[in-house]
Protein chains: 2
Amino acid sequence: MRAVAPNGLTTPSSFPNAMIPTKNLPTPSIRRLPGYLRLLKAARARGERVTSCTRIAEELGQQSVQVRKDLSVTGVSGRPKVGYSIDELIDAIQDFLGWNRKTNAFLVGAGNLGAAIINYQGFAEHGLNIVGVFDSNPALFGSSIKGHKVMPVDDMLGCAKMLNGYDIMVEMGVITAPASAAQTVANQLVEVGVRAIWNYAPAVLELPDYVLCENVKLSESFALLTSQMKNRA
Amino acid sequence: MRAVAPNGLTTPSSFPNAMIPTKNLPTPSIRRLPGYLRLLKAARARGERVTSCTRIAEELGQQSVQVRKDLSVTGVSGRPKVGYSIDELIDAIQDFLGWNRKTNAFLVGAGNLGAAIINYQGFAEHGLNIVGVFDSNPALFGSSIKGHKVMPVDDMLGCAKMLNGYDIMVEMGVITAPASAAQTVANQLVEVGVRAIWNYAPAVLELPDYVLCENVKLSESFALLTSQMKNRA
């Protein structure tokens, strides 16, 4: 069931398949699903049981036809004159996004940004399961963030091997280290055997093809805002 | 030169123009400009003086024709057989994005995420000038983040009026408060007279038409990564 990688770490049986190209996922729809999920959870908390594309579209100021198309990627469909079961829709979105299972992750960079991600309950609800927190600053070693002791980044591989012994695989690396350290950290995470990197550092990472990477580009967001401000001024 | 708003705050003379619809800016190009800027600054730090679209494209793994198109929005053009002056290109991009001037901002939500934004030198280099830090948690009042004393959120309007007296206008509000507080905070920032909100809270804000809003959607980014992981698994 498990392959053994060159570094001696066991890897999930899915590992060899990671070379198979990902089929094209509908990125714009995926981007909108978390917003629908938030709305649906709020509706359920108010005691509502059913909803419709029209209703969702109105609340978010979107087109109803777009909501229907986005929701269809999850495989769920509404019933004529009844609408969607909110419970079913929440399950379908979470299942499609991979948010109804835990994703074990190492986080590297125990500064304010790292602490914000560890402490944010929303990501934990989406399955992000931080199993190790690392930094290169000795002043932080042994300090605690939400119950996680900060460990030296050079101990990452050893920690991963230890977890492997309990059949716990580290699937994701979250990089909240400075840009100057990001590539080194990424290399260490690849050695650990992660198959995805969530990168908050403003750096372009070189990674093997089988490692997925999502860059959080906060400067892009700031650029969109300031360029509009300048244009209006 | 200045208009007086209903709340007694003076507003920049540009305020009435804020109702004029923003002309369509090339969003995809704007998203890529910060990446080019980072590359160009690194090249300049290495002592380089000129570059080309081909070179930039190679370093970022993009198409040369796209780089040329993106750079053209800033109004700068390269010289045949010479290329672009790196200094000119950096200036042109920064000018286009509004990053060669200071943008005064209030930040609301002095937790880890707020502290990360205040401490991140990159945003300061792009002109983000935090002039006030606020929170609703009395335990944080008087504590200090990078020299900023955290003040009660209810003091925001008073602080803005005080700054107005020195001709200092607060143009932007950065919301790093929880989603449940985001709309209330946004209303207070509108009262202060900001013309743009950079919202990190996972909440859809209702704002007057003249207030620009950019939502940082970290859950979107997480969704893109986990949905690909699920698809490959």
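Because the structure is predicted, anything quoted here is derived from the model rather than measured. (Residues numbered from 1 in each chain as written. Chains lettered and ligands numbered in written order. Predicted model: local features only at pLDDT ≥ 70, side-chain atom pairs only at ≥ 80, totals over all residues. Heavy atoms only, no water.)

Participant: It is not clear to me how the packing of helix H4 (residues 86-97) of chain A against helix H9 (residues 218-232) of chain B should be interpreted in this structure. Could you clarify?
Facilitator: The contact between H4(A) and H9(B) brings their axes to 7 Å, and the two run at 75 degrees. Of the possible angle classes, the one that applies to H4(A) and H9(B) is roughly perpendicular. In this structure, H4(A) contributes Asp95(A), Phe96(A) and Leu97(A) to the contact, and H9(B) contributes Ala223(B), Thr226(B), Ser227(B) and Lys230(B). A class-by-class count of the residues in the contact of H4(A) with H9(B) yields three nonpolar, two polar and two charged. (Axes fitted to C-alpha atoms, helices over the stretch in contact; angles between N-to-C directions. Helix = DSSP H or I, 4+ residues; strand = E, 2+ residues; numbered from the N terminus. Parallel < 35°, antiparallel > 145°, perpendicular 65-115°, else oblique. Contact = heavy atoms within 4.5 Å. Nonpolar A, V, L, I, M, F, W, Y, C, P; charged D, E, K, R; others polar.)

Participant: How do you make sense of the sheet that holds strand E10 (residues 196-199) of chain A when you look at a structure like this?
Facilitator: Strand-to-strand pairing in sheets goes through backbone hydrogen bonds, with the strands running parallel or antiparallel. Residue and element names in this part refer to chain A. Strands sit in the order E7-E8-E6-E5-E9-E10-E11 across an open sheet of seven strands; the sheet is mixed. The open sheet has two free edges, formed respectively by strand E7 (144-145) and strand E11 (212-215), since each of these has just one partner strand. Pairing between E7 and strand E8 (residues 148-152): two bridges, direction antiparallel. From the neighbouring strand, Ile145 faces E8, where its bridge partner is His148. Where helix H8 (residues 179-192) meets the sheet, its contacts fall on strand E5 (103-108), strand E9 (172-175) and E10, and the angle it forms with E9 comes to roughly 165 degrees. (Pairing = 2+ DSSP bridges.)

Participant: Would you explain a nonpolar patch on the surface in this entry?
Facilitator: On the surface, a cluster of nonpolar side chains totalling about 350 Å² of accessible area is made up of Met162(A), Tyr166(A) and Ile168(A). Mapped onto the secondary structure, Met162(A) falls in helix H7 (residues 156-164). (Patch = residues over 30% accessible without salt bridge, like charges linked within 9 Å, V, L, I, M, F, W, Y side chains within 5 Å. Areas by Shrake-Rupley, 256 points an atom, 1.4 Å probe, with all protein chains shown as cover. Salt bridge = Lys/Arg side-chain N within 4 Å of Asp/Glu carboxyl O.)

Participant: Even after reading the chapter, I still don't get the pattern of salt bridges, so can you show me in this structure?
Facilitator: In a structure, side chains of opposite charge can pair up when their charged atoms sit close to one another. For the structure on display, the rule yields 19 salt bridges over all chains. In this structure, Arg46(A) and Glu48(A) form a salt bridge, with 2.9 Å as the shortest nitrogen-oxygen distance. The salt bridge involving Lys230(A) is made with Asp95(B); its shortest N-O contact spans 4.0 Å. Separated into two different chains, Lys230(A) in helix H9 (residues 218-232) and Asp95(B) in helix H4 (residues 86-97) make up a pair that spans both. Several salt bridges converge on common partners, so that one network encompasses Arg46(A), Glu48(A), Arg55(A) and Glu59(A).

Participant: Could you clarify how one ought to interpret the relation of the copies chain B and chain A in this entry?
Facilitator: Two chain copies, one operation linking them: a rotation about an axis together with a shift along it. With an RMSD of 0.0 Å, the operation that places chain B on chain A is a rotation of 180 degrees combined with a shift of 0.0 Å along the axis. What the superposition gives is, in effect, a two-fold axis relating one chain to the other. The position closest to the rotation axis in chain B is occupied by the C-alpha of Asn112(B), lying 2.4 Å away. Same-surface contact between copies: 100% of interface residues of chain B are shared with the interface of chain A. (Least-squares fit on C-alpha atoms with pLDDT ≥ 70 in both.)

Participant: So what exactly am I meant to see when it comes to the nonpolar core here?
Facilitator: In summary, soluble globular proteins display a tendency toward joint burial of nonpolar side chains. By size, the foremost hydrophobic cluster in this structure holds 98 residues, and its most contacted members are Leu71(A), Leu128(A), Trp198(A), Leu71(B), Leu128(B) and Trp198(B). Setting aside anything within four residues of it in sequence, one finds Leu71(A) in contact with Leu33(A), Tyr36(A), Cys53(A), Ile56(A), Val76(A), Tyr84(A), Leu89(A) and Ile93(A). (Core = buried A, V, L, I, M, F, W, Y, C linked by side-chain atoms within 4.5 Å. Buried < 20%, exposed > 50% of the residue type's maximum accessible area, 1.4 Å probe, protein only.)

Participant: Please clarify how H4(A) should be interpreted in this entry.
Facilitator: The α-helix advances 3.6 residues per turn, and as a result positions three or four apart in sequence lie on the same side. An ideal rise of 1.5 Å per residue puts 16 Å on 12 residues; H4(A) measures up with 17 Å between its terminal C-alpha atoms. What H4(A) keeps buried is the set Ile86(A), Leu89(A), Ile90(A), Ala92(A), Ile93(A), Gln94(A), Phe96(A) and Leu97(A). If you follow the buried residues of H4(A), they end up packed against helix H1 (27-45), strand E3 (50-51), helix H2 (53-60), helix H3 (64-72) and strand E4 (84-85) of chain A together with H9 of chain B. Looking one or two residues past H4(A), Gly98(A) carries a phi angle of roughly 75 degrees, positive in sign. (Expected span 1.5 Å × (residues − 1).)

Take it as geometry only, folks, not as evidence of what the structure does.
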